[in-house]
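# Structural overview
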Amino acid sequence: MSERGIGVAHLGTLIDDQQELAWLRDRVDRLVASVSDADQDLVRSQVGGQPLTQVLAPTRLDPELASTGLVERARDVIVGHLGRPVDVALGMVLCKPALHGGVVPWHQDGVYWDAADRAGAGTIWVALQDVDVANGGVQFIPRRHGEPEILEHRPLAGDPTGHGVELTPDEVHARVIGVVDLRLRAGEASFHDGYVVHGSGPNTTDDARRALVLSVRPA
Ligand SMILES: O=C(O)CCC(=O)C(=O)O
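In short, a report on the structure.

About the thresholds
Sequence order as written defines residue numbering, which begins from 1 separately in each chain. Local features in a predicted model are, by the rule used here, given only for residues with pLDDT of at least 70; side-chain atom pairs are given and counted only at 80 or more, and totals for whole chains, interfaces and linings are based on all residues. Pairing between strands is defined by DSSP: at least two bridges between them are needed. Counting from the N terminus, the helices are the DSSP runs of H or I reaching at least four residues and the strands are the DSSP runs of E reaching at least two. All residues are tested the same way: a C-beta atom is placed from the backbone, and lying within 6 Å of a molecule or strand makes the residue near it. Three classes are used: nonpolar for Ala, Val, Leu, Ile, Met, Phe, Trp, Tyr, Cys and Pro, charged for Asp, Glu, Lys and Arg, and polar for all others, with Gly counted as polar. In this analysis, the expected span of each helix is defined as 1.5 Å times one less than the number of residues it contains. Burial is judged by counting other C-beta atoms within 10 Å of a residue's own C-beta: 20 or more means buried, 12 or fewer means exposed, and anything between counts as partly exposed, with every C-beta placed from the backbone. As used here, the arc is the angular range of directions from the helix axis to the C-beta atoms. Only buried Ala, Val, Leu, Ile, Met, Phe, Trp, Tyr and Cys residues enter a nonpolar core, and they are joined through C-beta atoms within 7 Å. Throughout, a residue-residue contact means that the two C-beta atoms, derived from backbone geometry, are no farther apart than 7 Å.

### Description of the sheet that holds strand β12 (residues 197-200)
- Read across the sheet, four strands follow the order β5-β12-β7-β10 without closing on themselves; strand pairing throughout is antiparallel. Sheet topology places β5 (104-107) and β10 (180-181) at the edges, where each strand pairs with a single neighbour.

This is the structure in structure tokens:
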């Protein structure tokens, strides 16, 4: 897959050390278990079934999360892939517990970013266990043709005071065609740019689905 054509790319393995993977999984589980109402500015929920735990800027709660060299490895890989300098940072932890019905509705990440940043920005999604549609892996709509554009979104759950947005039903009807299920092995990562429509379904398995989400911005 090439990000230049369809906005999505498989980046290969970013974590091949099983001890690092196990350590990160454990750290994420502890973080998710520890977030409380006091951390509300760091956590947001999504609609659909049950609320999900998304910890924004997770190193504010656990600085050690960025200590394994993953962010630096990701930067090297994405700079090689994109062919231009970028900044990479750990932006979010997103955990779907076992047998969890929460979904991430269809959206484009670029809707959250300044228009001036969109062209050079994107998201690296790192799987901390094998991921496919059964455990709520990310699903994409590859871009087909024309100039990338930000589509019409609406507030999640009809709540304009919340942070989250989702594509409007009309856009979902028109655009959500040819869904691609992302399958990643533990430690592998994907990249998607800000224009790629994506979302994810429920975790129907008996293990948690954990991901580290890294932000890529023009340097
Ligand atoms: O982890 C998920 O299910 C969705 C992640 C997402 O929306 C993103 O990485 O931009």
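### What about the site of the ligand?
- In the region of the ligand, the neighbouring residues are Leu94, Val104, Asp109, Thr123, Trp125, Val138, His198, Ser200, Ala211 and Val213.
- Breaking the shell around the ligand down by element, the ones donating at least two residues are β6 (122-127), β12 and β13 (209-218).
- A class-by-class count of the residues in the shell around the ligand yields six nonpolar, three polar and one charged.

### Let's talk about helix α2 (residues 18-34)
- The end-to-end C-alpha separation of α2 is 24 Å, in line with the 24 Å expected for 17 residues at 1.5 Å each.
- Every buried residue of α2 is accounted for by Leu24, Arg27, Val28, Leu31 and Val32. Viewed end-on, α2 has its buried residues packed into an arc of 130 degrees, placing them on one side of the element. Projecting away from the buried face of α2 at angles above 90 degrees are the exposed residues Gln18, Gln19, Ala22, Asp26, Arg30, Ala33 and Ser34.

### Quick word on the nonpolar core
- Among the nonpolar cores identified, the biggest contains 43 residues, and Ala74, Val93, Ile124, Val126 and Leu214 are the most heavily contacted of them.
- The biggest single contributor to this core is strand β4 (residues 86-96), with five residues.
- Those residues in contact with valine 126 that sit more than four places away from it in its chain are Leu14, Ala189, Ala211, Leu212 and Leu214.

### Some remarks on helix α3 (residues 70-82)
- Along its 13 residues, α3 runs 18 Å from first to last C-alpha, staying within 8% of the 18 Å computed at 1.5 Å per residue.
- Regarding α3, the residues found buried are Leu70, Val71, Ala74 and Ile78. Each buried residue of α3 sits inside an arc of 85 degrees when the element is viewed along its axis, so together they form one side. The exposed set on the far side of α3, more than 90 degrees from its buried face, consists of Glu72, Asp76 and Gly80.
- Its buried side turned inward, α3 meets β4, β6, β11 (188-193) and β13.
- Immediately beyond the C-terminal end of α3, within one or two residues, lies glycine 83, with a positive phi of roughly 75 degrees.

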